[in-house]
Protein chains: 2
Amino acid sequence: MRSVSGVVIELSAVIVALSDDAPTILLVPSEDVGAQGLPFGPFDPVGDRTLEEGLRRGVVQQAGLTLGYAEQLYTFGDRFRDPQERSGGPRPVSVGYLALARQGDDAPSPRESWTDWYRFLPWEDWRGGTPGLIDSVIVPRLEAWCAAATSKAEQQRRRDRTHLTFALGDATWDNERVLERYELLYEAQLVAESARDQGKPLLGVATGTPLAKDHRRILATAMGRLRAKIKYRPVIFELMPPAFTLLQLQRAAEALAGGRLHKQNFRRLVAHEGLVEPTGQISVQTGGRPAELFRFRRGVVLERPAPGVRLPVKRGGKSS
Amino acid sequence: MRSVSGVVIELSAVIVALSDDAPTILLVPSEDVGAQGLPFGPFDPVGDRTLEEGLRRGVVQQAGLTLGYAEQLYTFGDRFRDPQERSGGPRPVSVGYLALARQGDDAPSPRESWTDWYRFLPWEDWRGGTPGLIDSVIVPRLEAWCAAATSKAEQQRRRDRTHLTFALGDATWDNERVLERYELLYEAQLVAESARDQGKPLLGVATGTPLAKDHRRILATAMGRLRAKIKYRPVIFELMPPAFTLLQLQRAAEALAGGRLHKQNFRRLVAHEGLVEPTGQISVQTGGRPAELFRFRRGVVLERPAPGVRLPVKRGGKSS
DNA sequence: GCTTAATATACTCAAAATTAGCATAAGTTC
DNA sequence: GAACTTATGCTAATTTTGAGTATATTAAGC
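Quantities reported herein were computed from a predicted structural model and do not represent experimental measurements. (Residues numbered from 1 in each chain as written. Chains lettered and ligands numbered in written order. Predicted model: local features only at pLDDT ≥ 70, side-chain atom pairs only at ≥ 80, totals over all residues. Heavy atoms only, no water.)

Some details on the overall build of chain A
Stage number 1. Across its full length, chain A carries nine helices and nine strands.
Stage number 2. Dimensions along the principal axes, computed over C-alpha positions, put chain A at roughly 60 × 55 × 40 Å.
Stage number 3. Long-range pairs, those at least 24 residues apart, make up 64% of the contacts in chain A with a sequence separation of at least 6.
Stage number 4. Here chain A displays about 14,500 Å² of accessible surface, and carbon together with sulfur accounts for 52% of that area.
Stage number 5. When the 44 basic and 38 acidic side-chain charges of chain A are each reduced to a single mean position, those positions are 4 Å apart. (Helix = DSSP H or I, 4+ residues; strand = E, 2+ residues; numbered from the N terminus. Contact = heavy atoms within 4.5 Å. Areas by Shrake-Rupley, 256 points an atom, 1.4 Å probe, with all protein chains shown as cover. Lys, Arg positive; Asp, Glu negative; His and termini not counted. Charge placed at Lys NZ, Arg CZ, Asp CG, Glu CD.)

Here's what the structure looks like:
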């Protein structure tokens, strides 16, 4: 095996916390003009025993934050994922991580900011119904992109992909296909990064706020993974305070999943799975009848094969 | 950001194919004495546009095989994952991939061999009931390992982990926790790699056949991922011939999942989900009533949100 | 040609889970 | 006290699952 030089391994993190009903991510200033980026740092093959250890060290250094839960997401190595590579920089390969933090665990220093993750992927938030952006901008421009294909076969492939990921026709919206949607918008030149990465000017309106390098792609990967994971592992409790009401838990699940849930069924499922146990205390800040406070029941992980919050999606209905 | 040298990126692949009722993986000779290894090659930051492209190029070079389906699994970077690192080698970071091939698509050259993957993780195959190895070797030695913990708290943690992953007590066997089981056995010194990686002699019997470096860990990751994936993506058809009987499909699912399925319910689920369509032809090589031949129905991916083979596990029952 | 064995496939029936509510309880605001 | 919130209990219709039984169609042995 010949040794290859000119590679640099970066470790980047999507650090998620919940602030009221918004899932937020930690961002830092970036070298890219006019864009923020994810916190990241170099992997040190001499000092770091594992990749994850390097990530934790780097995040402490860059953001002054000590991480709790962290899991590896994906390794991003496409050429020119960092536009700087064009001007002769080394080939950066980035190992992306998803990390969860409780809001207020550490106060971020002024250089960092927690930002609603739907600012970058606004089409992913269906809590208030279909996002207007989809009907007004995304669908028309995707249709144009489909029609612009050179061959009939390619046209059909584009249509299938568009319908599948954006739930046109009779397909249903799959909240886990976050990355597929971002990649489609990237190919169809609907996000600012497509033009930027090719060094071309942007045509038309871009959707969502761009991030540095390929960080929006990493965010999309993280969102998809987290949405999948809350269904079979109790990771949502890493984001909750030690005690919470069932409605708070529901709002958290809705914030991550990007859709509304059926309240009575949600509480039935949560209770039935034994995910939580009552603390005996009562919350009075509800604005209505006081609610019982619950805590995560650690024992579930030993009882159920795949403990997570089930998501009884609400379709037509009126009750809240 | 300071540039760090002394890192080498490797791309390794778990290439799975089905041979009769055995899932097999492609292995190549390894520098490690007495062990085979996964095919791998270096990532070339100059020539390879993407990591996956590098993988495909490397696999063609090393194994003469052209890959169909491939997905990234995980990036392995623990120190001393390659024992050679101790003697001053560079720090190897390996991006692991899962790839699927149809048996017979390419004839392997004599240096490679397709080998039953349960040879390396024999405790994962429950098709013939609980593997004898678990009761005879694994459970007794894991119990000794639990008892050997220094503190009561650590003892309890080890017991919980053992019960959860190996389904002792009232826990149920979760066929996706392949990696967790391997890592437990590694920590408990039940696999040859634990001693080898510490440069110590092996105490007692080792379970399963070892592989080079951390390749058994990569295999465990691949097996867990594939077992999860067949349930929500139609990847199993990448391993099947173009036309097959429902029993052949069931045997394939059982081989991957490592357990028996309920025949009547399996066919009901497969038919109900619209995963397959009849070809109109009949297979005569059944040894009984001839079976209808089916093919994968590509349309499903556009209709169902998560099309995959459901696995109606068989518990007590007698009917085959 | 008949029995036995294998496999394929159709159909059933009870239990469990899900969906989509209604109804009532217990507070706050004006 | 009326109107409005939110919490929580309960239910009826439907769908899905689990675990079969029953029957069909072939091959092999005698």
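Focus: the relation of the copies chain A and chain B
Stage number 1. Structural alignment of chain A on chain B gives an RMSD of 0.0 Å, achieved by rotating through 180° and translating 0.0 Å along the axis. Taken together, the rotation and translation describe the operation of a two-fold axis.
Stage number 2. Of all interface residues in chain A, 100% are interface residues in chain B too; the two copies therefore contact each other through one and the same surface. (Least-squares fit on C-alpha atoms with pLDDT ≥ 70 in both.)

Brief notes about the packing of aromatic side chains
Stage number 1. The final tally for this structure, using the stated rule, is 14 aromatic pairs over all chains.
Stage number 2. On the numbers, 6.3 Å between centres and 45° between planes, the contact of Tyr182 of chain A with Tyr186 of chain A is tilted. Residue Tyr182 of chain A and its partner Tyr186 of chain A are both found in helix H4 (residues 178-187); the two are separated by four residues, about one turn of the helix.
Stage number 3. Ring centres of Phe237 of chain B and Phe296 of chain B lie 4.4 Å apart, and the angle between their planes is 15°; on these two criteria the pair is classed as stacked. In this pair, Phe237 of chain B sits in the loop between helix H6 (215-229) and helix H7 (246-257) while Phe296 of chain B sits in strand S9 (residues 291-296), placing the two residues 59 residues apart along the sequence. Across this residue pair, the class does not change: Phe237 of chain B and Phe296 of chain B are buried.
Stage number 4. Three or more aromatic residues joined by ring pairs make a cluster, and in this case those are Trp126, Phe166 and Trp173 of chain A. (Phe/Tyr/Trp six-rings, centres within 6.5 Å; stacked < 30°, edge-to-face > 60°. Buried < 20%, exposed > 50% of the residue type's maximum accessible area, 1.4 Å probe, protein only.)

Things to note about the pairing of strand S2 (residues 22-29) of chain B
Residues and elements named next belong to chain B.
Stage number 1. The element S2 is largely enclosed, with a buried count of seven among its eight residues.
Stage number 2. One ladder, built from four bridges, connects strand S1 (residues 7-19) with S2; its direction is antiparallel. Across the sheet, Val16 pairs through a bridge with Ile25, a residue of S2.
Stage number 3. Linking two consecutive strands that pair antiparallel, namely S1 and S2, is a turn of two residues; a positive phi of about 50° is found at Asp20 within it.
Stage number 4. As paired elements, S2 and strand S7 (residues 113-116) share four bridges and run antiparallel to each other. Counted as the bridge partner of Ile25 is Thr115 from S7. (Pairing = 2+ DSSP bridges.)

Some thoughts on the packing of helix H4 (residues 178-187) of chain B against H6 of chain B
When two helices pack together, their arrangement is given by the angle between their axes and by how far apart the axes lie.
Residue and element names in this part refer to chain B.
Stage number 1. One way to put it is that H4 packs onto H6 with a least axis distance of 7 Å and a crossing angle of 155°. As judged from the angle between their axes, H4 and H6 are roughly antiparallel. Contact residues: Val178, Leu179, Arg181, Tyr182, Glu183 and Tyr186 in H4; Arg216, Arg217, Ala220, Thr221, Met223, Gly224 and Arg227 in H6.
Stage number 2. Class assignment for the residues of the contact of H4 with H6 results in six nonpolar, two polar and five charged. (Axes fitted to C-alpha atoms, helices over the stretch in contact; angles between N-to-C directions. Parallel < 35°, antiparallel > 145°, perpendicular 65-115°, else oblique. Nonpolar A, V, L, I, M, F, W, Y, C, P; charged D, E, K, R; others polar.)

Quick notes on the protein's contact with DNA strand C
Stage number 1. Taken together, 22 residues lie near DNA strand C, and Gln264, Asn265, Arg268 and Arg310 of chain A together with Lys263 of chain B sit nearest.
Stage number 2. Atoms of DNA strand C within 4 Å of the protein: sugar and phosphate make up 60%, bases the balance.
Stage number 3. One of the side-chain nitrogen or oxygen atoms of Gln264 of chain A is found 2.5 Å away from a base nitrogen of DNA strand C.
Stage number 4. At 2.9 Å from a phosphate oxygen of DNA strand C is found a side-chain nitrogen or oxygen belonging to Arg267 of chain B. (Near = heavy atom within 4 Å. Polar contact = N/O pair within 3.5 Å; in protein donor to acceptor, adjacent residues only side chain to side chain.)

As for the packing of helix H2 (residues 132-147) of chain A against helix H3 (residues 152-166) of chain A
Residue and element names in this part refer to chain A.
Stage number 1. It is the contact of H2 with H3, at a shortest axis distance of 8 Å, that shows an interaxial angle of 160°. Relative to H3, the element H2 is oriented roughly antiparallel. Only Gln155, Arg158, Arg159, Arg161, Thr162 and Phe166 of H3 make contact with H2, whose side of the interface consists of Ile134, Ile138, Leu142, Trp145, Cys146 and Ala147.
Stage number 2. For the contact of H2 with H3, the residue count by class is seven nonpolar, two polar and three charged.

Digging into the protein's contact with DNA strand D
Stage number 1. What surrounds DNA strand D is a group of 22 residues, the closest being Lys263 of chain A together with Gln264, Asn265, Arg289 and Arg310 of chain B.
Stage number 2. Here His262 of chain B contributes a side-chain N or O atom positioned 3.3 Å from a base nitrogen of DNA strand D.
Stage number 3. Elements that contribute at least two residues to the surface near DNA strand D include exactly helix H8 (263-272) and strand S9 (291-296) of chain A together with helix H8 (263-272) of chain B.
Stage number 4. Across the surface near DNA strand D, the residue classes tally to five nonpolar, nine polar and eight charged.

A word on the environment of Gln198 of chain B
Residues and elements named next belong to chain B.
Stage number 1. Looking at the element boundaries, Gln198 is found in helix H5 (residues 192-198).
Stage number 2. Residues Gln198 and Pro83, 115 residues apart in the sequence, show an inter-C-alpha distance of 8.6 Å.
Stage number 3. Ignoring sequence-local partners within four residues, the contact set of Gln198 consists of Arg86 and Gln189.

Considerations on unusual backbone geometry
Residue and element names in this part refer to chain B.
Stage number 1. The phi torsion at Ala167 lies on the positive side, around 60°, for a residue other than glycine.
Stage number 2. Considering the arrangement of structural elements, one finds Ala167 in the loop between helix H3 (152-166) and H4.
Stage number 3. Overall, the relative accessible area of 18% leaves Ala167 in the buried class.
Stage number 4. Phi is positive for Lys213, close to 45°, though the residue is something other than glycine.

As for the domain arrangement of chain A
All names here are of chain A.
Stage number 1. When its domains are assigned, chain A resolves into domain 1 (7-117), domain 2 (122-208) and domain 3 (234-303).
Stage number 2. With five residues of domain 2 in contact, the opposing surface of domain 3 contributes six residues.
Stage number 3. Carbon and sulfur atoms make up 48% of the area that domain 2 and domain 3 hide from each other, which totals about 410 Å².
Stage number 4. Sorting the residues of domain 2 by area buried against domain 3 places Trp126, Arg127 and Asn175 first, and these three jointly supply 90% of that buried surface.
Stage number 5. The tally of links from domain 2 across to domain 3 stands at zero salt bridges.
Stage number 6. In this structure, the connection of domain 2 to domain 3 is made through three residue pairs in polar contact (both at pLDDT 80 or more). (Domains from an automatic or database assignment. Buried area = accessible area lost by both parts, 1.4 Å probe. Salt bridge = Lys/Arg side-chain N within 4 Å of Asp/Glu carboxyl O.)

A closer look at the interface of chain A and chain B
Stage number 1. Each partner contributes to the interface: chain A provides 42 residues, whereas chain B provides 42 residues.
Stage number 2. Around 3,600 Å² of area is buried between chain A and chain B when both sides are counted, 56% of it from carbon and sulfur atoms.
Stage number 3. Linking chain A with chain B are 14 residue pairs in polar contact (both at pLDDT 80 or more).
Stage number 4. Put simply, the parts of the chain that give the side of chain A that touches chain B at least two residues each are strand S1 (7-19), strand S4 (40-42), strand S5 (70-76), strand S6 (91-100), H3 and helix H9 (300-303) of chain A.
Stage number 5. Per-class residue counts for the side of chain A that touches chain B are 20 nonpolar, nine polar and 13 charged.

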